[in-house]
Amino acid sequence: VSAGTGSSLFSTVQDLPSIPRLSKSRVERHLQIISVLQWVISFLALGVVCTAILLYIFCTDCWLIAALYLAWLVFDWNTPNKGGRRSSWVRNWAVWRYFRDYFPIRLVKTHHLLPSRNYIFGYHPHGIMCLGAFCNFGTEATGFSKKFPGIKPYLATLAGNFRMPVLRDYLMSGGICPVNRNTIDYILSKNGTGNAVVIVVGGAAESLDCRPGKNRVTLKQRKGFVKIALQHG
């Protein structure tokens, strides 16, 4: 993604002066590239940048703003572990449709799911940044809610991401939650029905095993999701 996106970005910048002469398809392609870049940069840098800004504000006359946010952070600390705080508005942003069309990504329904039950989805492959999982389950770009009415997807990711200011709220708005036992147990047993926890079973180990033309799943010592599924029916 990075190599192709980088070269395409330079092409976009070079073409900025002549945008009025660009065809509609080329403008859409540039928007697709920008949409992917904003997510990659947000995911990699938003938490670190916001932490640095927060520390800087503490050293200024506006320190009270940072103090109030930290107080809110302490109060809201366990919200990600209880399913988070999703936003239909964020999940339906137009930017995600451009994100979808860059690759492109599709969601194919092969089985009907009953809203009266809860589910665990095993997702594969992890890839570099789980872009397919995020697009399908963290946004409405591929129409998840329309294809599976009454089902709420919870894409599970590293718990450390929810310790970063602002980034945690951005992730929760898409229905993303920590991939730990307590969170999954809560969603499947204390959050009603119609919930689907999406677990990228290969995890970070699988992300390091990406090879063009090869499709391998990392499952050794990673069968805990099966035990949880059996325990919750």
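Residues numbered from 1 in each chain as written. Predicted model: local features only at pLDDT ≥ 70, side-chain atom pairs only at ≥ 80, totals over all residues. Heavy atoms only, no water.

In plain terms, the rule: UniProt positions are given in the numbering used here, feature names are shortened, and annotations may be inferred rather than shown by experiment.
Going by the annotation in an unreviewed UniProt entry, the name recorded for the chain is Diacylglycerol O-acyltransferase 2, with Engystomops pustulosus given as the source organism. We quote the UniProt Sequence similarities (unreviewed entry) comment for the chain here in full: "Belongs to the diacylglycerol acyltransferase family."

### Remarks on the packing of aromatic side chains
Filter applied, for reference: Two aromatic rings, drawn from Phe, Tyr or Trp (for Trp, its six-membered ring), form a pair once their centres lie within 6.5 Å of each other, and the interplanar angle then sorts them: stacked below 30 degrees, edge-to-face above 60, tilted otherwise. Working definition: helices are DSSP H or I runs of at least four residues, strands are E runs of at least two. Numbering for both runs from the N terminus. With a 1.4 Å probe rolled over the protein chains alone, any residue whose accessible area is under 20% of its type maximum counts as buried; one over 50% counts as exposed, and the rest are partly exposed. For a Lys NZ or an Arg CZ to count as sitting over a ring, it must be within 6 Å of the ring centre and within 35 degrees of the ring normal.
If you walk through the whole model with that rule in mind, you get 17 aromatic pairs. Between the aromatic rings of tryptophan 39 and phenylalanine 134, the centroid separation amounts to 3.9 Å while the plane-to-plane angle is 5 degrees, which identifies the pairing as stacked. Here phenylalanine 134 lies in helix H6 (residues 131-137) and tryptophan 39 lies in helix H2 (residues 24-58), a separation of 95 residues in the sequence. Judged by its relative accessible area of 5%, phenylalanine 134 is buried. Measuring from centroid to centroid gives 5.4 Å for tryptophan 89 and tryptophan 93, while their planes differ by 90 degrees, and the two rings are edge-to-face. With a relative accessible area of 63%, tryptophan 89 lands in the exposed category. Classification of tryptophan 93 by relative accessible area gives partly exposed; the value is 28%. In textbook terms, an aromatic cluster arises when at least three aromatic residues are bridged by ring pairs, as seen for Trp39, Phe43, Trp89, Trp93, Trp96, Phe99, Tyr102, Phe103, Phe134 and Tyr170. Above the plane of the ring of tyrosine 154 lies arginine 86, whose end atom (NZ or CZ) is 4.5 Å from the centre. Positioned above the aromatic ring of phenylalanine 148, the side-chain terminus of lysine 109 is 5.2 Å from the ring centre.

### What about the UniProt feature "transmembrane region" (unreviewed entry) in the chain?
Taken from the UniProt record, the annotation "transmembrane region" (unreviewed entry) applies to residues 31-57. Regarding residues 31-57, the helix share stands at 100% and the strand share at 0%, and the terminal C-alpha atoms are separated by 33 Å.

### A look at the sheet that holds strand E1 (residues 119-123)
Heads up, the rule is: Whether two strands pair depends on DSSP finding at least two bridges between them. Lines fitted to the C-alpha atoms define the axes, with helices restricted to the stretch that makes contact. Angles between their N-to-C directions range from 0 to 180 degrees. In what follows, a contact means two residues having at least one pair of non-hydrogen atoms within 4.5 Å.
The strand order across the open sheet formed by 4 strands is E1-E4-E2-E3, and the pairing between neighbours is parallel. At either end of the open sheet lies a strand with only one pairing partner, and these are E1 and strand E3 (176-178). Between one strand and the next, the sheet's axes are offset by a mean angle of 35 degrees, whatever the strand orientation. Strands in contact with helix H9 (residues 181-189) are E1, strand E2 (152-157), E3 and strand E4 (195-200); relative to E4, the strand with the most contacts, it is inclined by about 155 degrees.

### Regarding the state of the cysteines
Here a disulfide denotes a covalent bond joining the sulfur atom of one cysteine to the sulfur atom of another. Let me state the cut-off plainly: What counts as a disulfide here is a pair of cysteine sulfur atoms lying within 2.5 Å.
For the structure shown, the criterion picks out 0 disulfides. In this structure cysteine 50 is not part of a disulfide, and its nearest cysteine sulfur, from cysteine 62, lies 16 Å away. Not engaged in a disulfide, the cysteine cysteine 177 finds its nearest cysteine sulfur in cysteine 130; these two sulfurs lie 13 Å apart. Here cysteine 177 falls in the buried class, since its relative accessible area comes to 0%.

### Section: the pattern of salt bridges
Applied cut-off: For this document, the term salt bridge refers to a Lys or Arg side-chain nitrogen within 4 Å of an Asp or Glu carboxyl oxygen.
This structure, assessed with the given rule, holds 8 salt bridges. Notably, a salt bridge pairs aspartate 209 with arginine 216, separated by 3.3 Å at the nearest N-O pair. Taking relative accessible area as the criterion, aspartate 209 reaches 28% and is therefore assigned partly exposed.

### A short note on the pairing of E1
Judged by which residues are buried, E1 turns out to be one-sided: Tyr119, Phe121 and Tyr123 face inward and are buried, whereas Ile120 and Gly122, on the alternate face, are not. Here E1 pairs with E4 via 5 bridges, running parallel. Counterpart to phenylalanine 121 in the pairing with E4 is valine 198.

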